[in-house]
Amino acid sequence: MEFDVGARLRELRMAAGMSQRDLADRAGVTHGLISMIERNRNSPSVASLRKILGGIPTTMSEFFDEEQAGRDRIFFAAGELTDLTSRIVPRGRGAAGRMAFRQVGDARAHDLQILHERYEAGADTGPTMLEHASHEGGVVISGEIEVTVGDQVRRLKAGEAYLFDSRIPHRFRNLGKEPCEVVSACTPPYL
């Protein structure tokens, strides 16, 4: 069964007692964007959805994992990671441009978010640079990823890594023809 991003956003917004305009104001986005997402006429970028969820407030992990199971677990099979983003499908792009972020366990309980990230060819966190009060780092496992942090841009290959203050505007893009996989960590969690 396909995850309904619009219905889930509407459910959380209404549970918080907010109108679409209230949420738009709190998140710093247009009312039209909230409306389009809730009607599934717009598939938000990771950056846009994170910004909107910050207005509720809720994390992407809580958004996609309604049950929040496994809070005190220690070990996780590959299929037990929490899928945070693969259900956000860029309109008209098919598999190209998709990103999948899978989280290990309950990031809030440990104040540490560990992600297995997959960027298909053409994937991009969006033209709006990400910014959040955290620190993050990662290691490229396969493929290549362009990482922009402030005015620094670097294309990283398998085995190379990054570590930075996430308050600096940043962006991730797969400009290659092959998928890219990254294992990353962020504290405190932001997705």
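Note that the structure is predicted; figures quoted are calculated from it, not measured.

Examining the sheet that holds strand S4 (residues 135-142)
- One open sheet accounts for six strands, arranged S1-S2-S3-S9-S4-S7; its pairing is antiparallel. What marks the edges here is a single partner per strand, and that holds for strand S1 (82-83) and strand S7 (161-165).
- Summarising the sheet, S4 and S7 pair through five bridges and their orientation is antiparallel. Each bridged residue has a counterpart across the sheet, and for His-135 the counterpart in S7 is Asp-165.

Quick word on the pattern of salt bridges
- Taken as a whole and assessed by the stated rule, the structure comprises eight salt bridges.
- A salt bridge links Glu-146 to Arg-173, with the nearest nitrogen and oxygen atoms 2.8 Å apart. Residue Glu-146 is located in strand S5 (residues 144-149), and its partner Arg-173 is located in strand S8 (residues 170-173); the two are separated by 27 residues in the primary sequence.
- Through salt bridges that share partners, Arg-118, Glu-120 and Glu-181 make up one connected network.

A short note on the side chain of Gln-113
- Among the secondary structure elements, Gln-113 is positioned in strand S3 (residues 113-119).
- According to the relative accessible area criterion, Gln-113 is buried, its value standing at 0%.
- At 2.6 Å, the side chain of Gln-113 forms a polar contact with the side chain of Gln-103.
- Here Gln-113 is in contact with Leu-84, Gln-103, Ala-107, Ser-184, Ala-185, Cys-186, Pro-189, Tyr-190 and Leu-191, once residues within four sequence places are set aside.

Focus: the packing of helix H2 (residues 20-27) against helix H3 (residues 31-38)
- The contact between H2 and H3 brings their axes to 8 Å, and the two run at 120°. When the interaxial angle is binned, H2 and H3 end up oblique. The handedness of the crossing between H2 and H3 is right-handed. Counted together, Gln-20, Arg-21, Leu-23 and Ala-24 of H2 and His-31, Ile-34, Ser-35 and Glu-38 of H3 form the full contact between these two elements.
- Residues that form the contact of H2 with H3 fall into these classes: three nonpolar, three polar and two charged.

Focus: a nonpolar patch on the surface
- A cluster of nonpolar side chains, namely Val-104, Leu-112, Ile-114, Val-139, Ile-141 and Val-183, defines an oily patch on the protein surface of about 410 Å² accessible area.
- In this fold, Ile-141 is placed in strand S4.
- Among the residues examined, Ile-141 registers a relative accessible area of 48% and is labelled partly exposed.

Digging into the nonpolar core
- Membership of the largest hydrophobic core comes to 41 residues, with the highest contact counts inside it found for Phe-63, Tyr-119 and Ile-145.
- For this core, the leading source of residues is helix H4 (residues 46-54), giving five residues.

Comments concerning the packing of aromatic side chains
- Overall, the coordinates contain four aromatic pairs when judged by the stated rule.
- Each ring, one from Tyr-119 and one from Phe-172, has its centre 6.4 Å from the other, and the planes form 25°; the classification is stacked. Linking Tyr-119 in strand S3 with Phe-172 in strand S8, this pair joins segments that are 53 residues apart in sequence.
- For the ring pair Tyr-162 and Phe-164, a centre distance of 5.9 Å and an interplane angle of 35° mean the geometry is tilted.
- Site record: aromatic cluster; members linked through ring pairs are Phe-101, Tyr-119, Tyr-162, Phe-164 and Phe-172.

A few points about the environment of Gly-143
- When you line up the elements, Gly-143 lands in the loop between S4 and S5.
- Classification of Gly-143 as partly exposed rests on a relative accessible area of 27%.
- Residues Gly-143 and Leu-156, 13 residues apart in the sequence, show an inter-C-alpha distance of 8.5 Å.
- Contacts of Gly-143, omitting those with residues within four sequence positions, involve Leu-156, Lys-157, Ala-158, Pro-179 and Cys-180.

Conventions and cut-offs
Residues numbered from 1 in each chain as written. Predicted model: local features only at pLDDT ≥ 70, side-chain atom pairs only at ≥ 80, totals over all residues. Heavy atoms only, no water. Pairing = 2+ DSSP bridges. Helix = DSSP H or I, 4+ residues; strand = E, 2+ residues; numbered from the N terminus. Salt bridge = Lys/Arg side-chain N within 4 Å of Asp/Glu carboxyl O. Buried < 20%, exposed > 50% of the residue type's maximum accessible area, 1.4 Å probe, protein only. Polar contact = N/O pair within 3.5 Å; in protein donor to acceptor, adjacent residues only side chain to side chain. Contact = heavy atoms within 4.5 Å. Axes fitted to C-alpha atoms, helices over the stretch in contact; angles between N-to-C directions. Parallel < 35°, antiparallel > 145°, perpendicular 65-115°, else oblique. Left-handed = near helix turned anticlockwise from the far one by under 90°. Nonpolar A, V, L, I, M, F, W, Y, C, P; charged D, E, K, R; others polar. Patch = residues over 30% accessible without salt bridge, like charges linked within 9 Å, V, L, I, M, F, W, Y side chains within 5 Å. Areas by Shrake-Rupley, 256 points an atom, 1.4 Å probe, with all protein chains shown as cover. Core = buried A, V, L, I, M, F, W, Y, C linked by side-chain atoms within 4.5 Å. Phe/Tyr/Trp six-rings, centres within 6.5 Å; stacked < 30°, edge-to-face > 60°.

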